[in-house]
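Observations on the model geometry
Residue strings, one per chain:
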Amino acid sequence: MANMDMPVSKLAGIGKVKAAAFEKLGIHTLADLIYHFPTRYENRGVVSTLAEGRVGMMQSYILTVATEPKMARLRGSLTVVKFRAFDDSGSVEITYFNQPYMRDKFHTGETYRFYGKLTEKLGRFSLSSPIAEKYDEREALPELYAVYRLANPLNKNVLRECAKQALSICRTEITDVLPSELRAKYSLATLSFALENIHVPENLTALDRAARRLAFDELLQTALAVRLMRKKQTQSFAERMENGDISKFLNTVPFELTNAQKRAIDDIIKDMSAGEGRDAPRMSRILVGDVGCGKTVCAAAAVYMTVHNGFQALVMAPTEILASQHYNDLAPQFASLGYNVEKLTGSTTAAEKRRIKMGLENGSIDIVIGTHALIEDNVVFKSLGLAVCDEQHRFGIAQRAKLLEKSPRAHMLVMSATPIPRTLSLVLYGDLAISRIDEMPRGRQKVDTFYVNENYRERLNGFIEKQFADGGQVYVVCPAVEAQEDDADEGAVTVSVFDEGFTPPLKSAVEFAKELSERFPEASVAYIHGKMRPAEKNDIMTRFVSGEIKLLVSTTVIEVGINVPNASLMIVENAERFGLSQLHQLRGRVGRGERKSYCVLVSDSEGEIAKQRLKLMTKTNDGFVIAEEDLKMRGPGDFLGTDGARQSGAHGNYRMAALCQDASIPEAAGEAAAAILEEDPTLSSEAFAPLRKKLANAMSASETTMN
Ligand code: ADP
Ligand code: MG
């Protein structure tokens, strides 16, 4: 057995309990461990003097111990060890809670590099539980330390040590999946260099090279997988649909279609009715357009054409909330036309599921709307003619492959509200036919956007009050679910090694909701986040839609698709944490009705790039401009589906592509994929064997849920 396949439990220091924790992270083998990439890095290399030190910022200080540590007992068994330390610019108190052994670690006159957060209370500064490394002028200490997604009782140090062990055991087994000509062409580091340096970075430059190489691999795999899938798709046939009586459907639409919508529907009709006899070349079309432009009705037209021709249609969305919204939109409309519509998601009860599966198999259900539960193995269709997929880039490649497998004679229609830069869209979608909906329904208003810092808090609260007084509703989006979570960002991208300087503390949805409900007792404030049960989320959303809840605090679970026309204000806290395209999507949640609407981005970040990015948001409403700029400033991470970053250790996600800030990577990967398949359309040559194997793994990997 190759060392790569060795179970992690074989590593020194890993017993049953820790092995179980690794399982929880999806790490079974040494290979899994090696591909469990850090989420960020501690940069202990930036040393400042105490005088320069900034409260609230993680920094290193080189300090000499001034007093012998003393230990005091607090309540019960709590202890605190305290001593003072100094540098040329001043002195500070250092404290360690509940680490009694720290008393014997430090001695007067010794010098350490302390890495921690400076705090201030009543004019007294202290460093609380800093990481301490013995300092010696003649020997440089490492600068960068990897930080990983954790599971109890694994801590940072265990993860770091295990990754190191795994690398040293497997070193000789790391075969590069890229032929050397390709590496040379795109100036990519070798795979072994990249894997070593991603876990144990030599320095920032090496880390950058490592991230770039691994990001390239991830995107190349996607680009290849998408192209291979596409090829199968375009070479196969789907059911040919007669363009029967589409006006019968259009009569049920309560508004006048925009020209862009009409064009998109024409495209769809042409695709699905092409060909001869029973066979039509399979449609693979993507509808792209800003939130609110009205993609759903275009998809519904395709659904109508399908069921009108006697076939079944499925509509798949990345979250339960979105699936419910589609269901609520489409079910009454199609029921009125005499069709049978059902919803199938992860939270559907077992008995319901059984009933729906039976209906799909015997053909009594015409339309099914749901989440990836729809593509579970035991869902069988009698005659699937169309699969609609909303925000497809949020589904993993394996899920997309499964959807294709499930529907051998179905047309494919993808909807996306994320304006993706062209280079990246080639990677993620290959060469899908595009219908762009570049026109908003009449009466839509531009959302005025402001960028403010904490100093405006009271004025902002006044502004919230004004919305309530006018009968409007308010969204507040926070980057974290609960306070003090190390790795709990939901949707927000964490790239601290690349962050500039001071990172403002994260606002959490749960706590901030509490604060706001005290501030606005009349408003019936509620919160919603991805860790809640689907039934709970549905309940909250329903009450927000009905207007009972006036202020909804949430994580980015409301990012896509949700439609509450009465909402007039979107506030985004820690706006620096979000991708611009994500902010653009969030902004699209308001301005959907009659009300004049606003978006306020709150950020205390002092980083220059962060400031520039947020300013751009106040200047343009064009999603495509924003997408291109975002790619330039922050790399491809923001477009890759934040759920991907939270997935388990399975290979083939976008962990590194999400961190890498090199905007040229998607283009290089797309170009390389095209060139590789040109040379070897089935990847069967010896040179591509490692790549082929890796790809097969990625496409069959079972991915975790996306909710
Ligand atoms: P998205 O493209 O974001 O999925 P939806 O399809 O959900 O947008 O449409 C957003 C809202 O706009 C829905 O309430 C829908 O009924 C409405 N809508 C769509 N097209 C039009 C139109 N041509 N005129 C007026 N309202 C429309
Ligand atoms: Mg939509």
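This report concerns the structure included in the present document. Source: prediction; values computed, not measured.

The next thing to look at is the sheet that holds strand 24 (residues 598-602). Here 6 strands make up an open sheet; going across it, the order is 19-24-23-20-22-21 and the pairing parallel. Edge strands, defined here as strands with exactly one partner in the open sheet, are strand 19 (448-452) and strand 21 (525-528). Neighbour-to-neighbour, the strand axes of the sheet open up by a mean angle of 20 degrees, direction not taken into account. As defined by bridge partners, strand 23 (residues 567-572) adjoins strand 24 across 4 bridges and the pair is classed as parallel. Among the inter-strand pairings, Ile571 is bridged to a residue of strand 24, identified as Val600. Running at roughly 140 degrees to strand 21, helix 17 (residues 534-545) makes contact with strand 20 (473-477), strand 21 and strand 22 (551-554) of the sheet.

Attention now moves to the site of ligand 1. Surrounding ligand 1, one finds 15 residues, the nearest of these being Glu256, Gly292, Lys295, Thr296 and Arg444. Within the side chain of Gln261, one N or O atom sits 2.9 Å away from a nitrogen atom of ligand 1. A distance of 2.6 Å separates an oxygen atom of ligand 1 from a polar atom in the side chain of Thr296. Expressed as a share of its isolated accessible area of 560 Å², the protein-covered part of ligand 1 is 79%.

So, about the packing of helix 9 (residues 259-273) against helix 10 (residues 295-308). At a closest axis distance of 9 Å, the pairing of helix 9 and helix 10 adopts a crossing angle of 30 degrees. By the criterion of interaxial angle, the relationship of helix 9 to helix 10 is roughly parallel. The interaxial crossing formed by helix 9 with helix 10 has right-handed handedness. Each of Gln261, Ala264, Ile265, Ile268, Ile269, Met272 and Ser273 in helix 9 lies in contact with helix 10, whose residues at this interface are Val297, Cys298, Ala301, Ala302, Met305 and Thr306. Residues belonging to the contact of helix 9 with helix 10 are distributed by class as follows: 10 nonpolar, 3 polar and no charged.

Throughout the structure, instances matching the rule amount to 40 salt bridges. Ionic pairing is found between Asp271 and Arg285, a salt bridge with its closest N-O pair at 2.6 Å. Here Asp271, found in helix 9, pairs with Arg285, found in strand 12 (residues 284-288); they are 14 residues apart in sequence, far enough to count as distant. Here the two residues Asp271 and Arg285 agree in accessibility, since each one is buried.

Here the focus is unusual backbone geometry. Of note, Ser129 is a non-glycine position whose phi angle comes to about 45 degrees, a positive value. The residue Ser129 is located in the loop between strand 7 (124-128) and strand 8 (131-134) in this model. In the Ramachandran plot, Leu683 falls in the positive-phi region, its phi being about 55 degrees despite a non-glycine side chain. Tracing the sequence through the fold places Leu683 in the loop between helix 23 (665-679) and helix 24 (689-700).

Strand order in this open sheet of 7 strands is 14-15-13-16-17-12-18, and the pairing throughout is parallel. A single partner strand is all that each edge strand has here, and the edge strands are strand 14 (341-344) and strand 18 (433-436). In this sheet, adjacent strand axes meet at a mean angle of 20 degrees when their direction is disregarded. Alignment of strand 13 (residues 312-316) against strand 15 (residues 367-370), held across 4 bridges, turns out to be parallel. Looking at strand 15, one finds that Ala313 is bridged to Ile367.

Basis of the calculations
Within each chain, residues carry numbers counting from 1 in the order of the written sequence. For this description, chains carry letters from A and ligands carry numbers from 1, given in the order in which they are written. At least 70 in pLDDT is required for a residue's local features to be given in this predicted model, at least 80 for side-chain atom pairs to be given and counted, and no such filter applies to totals for whole chains, interfaces and linings, which use all residues. With hydrogens and water set aside, each side-chain value is computed from the structure's full complement of heavy atoms. Following DSSP output, two strands are said to pair if at least two bridges run between them. By the criteria applied, helices consist of DSSP H or I runs no shorter than four residues and strands consist of E runs no shorter than two, each listed in order from the N terminus. Helix axes use the C-alpha atoms of the stretch in contact, all axes being lines fitted to C-alpha atoms, and the angles between their N-to-C directions lie in the range 0 to 180 degrees. Contacts are residue-level and defined by heavy atoms, with any inter-residue pair within 4.5 Å sufficient. Distances are taken per atom, and a residue is near a molecule or strand as soon as one of its heavy atoms is within 4 Å of it. Residues adjacent in sequence count toward polar contacts only when both atoms are side-chain atoms; beyond that, a polar contact is any pair of N or O atoms within 3.5 Å, and within protein one must be able to donate a hydrogen and the other to accept it. Surface accessibility in these figures is a Shrake-Rupley result with a 1.4 Å probe; residues are shielded only by whichever protein chains are displayed. Between 65 and 115 degrees an angle is taken as roughly perpendicular, under 35 as roughly parallel, over 145 as roughly antiparallel, and anywhere else as oblique. Crossing handedness follows the turn of the near helix against the far one: under a right angle anticlockwise gives a left-handed crossing, and clockwise gives a right-handed one. Amino acids outside the nonpolar list (Ala, Val, Leu, Ile, Met, Phe, Trp, Tyr, Cys, Pro) and the charged list (Asp, Glu, Lys, Arg) are all regarded as polar, and Gly is one of them. For this document, the term salt bridge refers to a Lys or Arg side-chain nitrogen within 4 Å of an Asp or Glu carboxyl oxygen. Burial here depends on accessible area, computed with a 1.4 Å probe over protein chains only, as a share of the maximum for the residue type. Under 20% is buried, over 50% is exposed, and the range in between is partly exposed.

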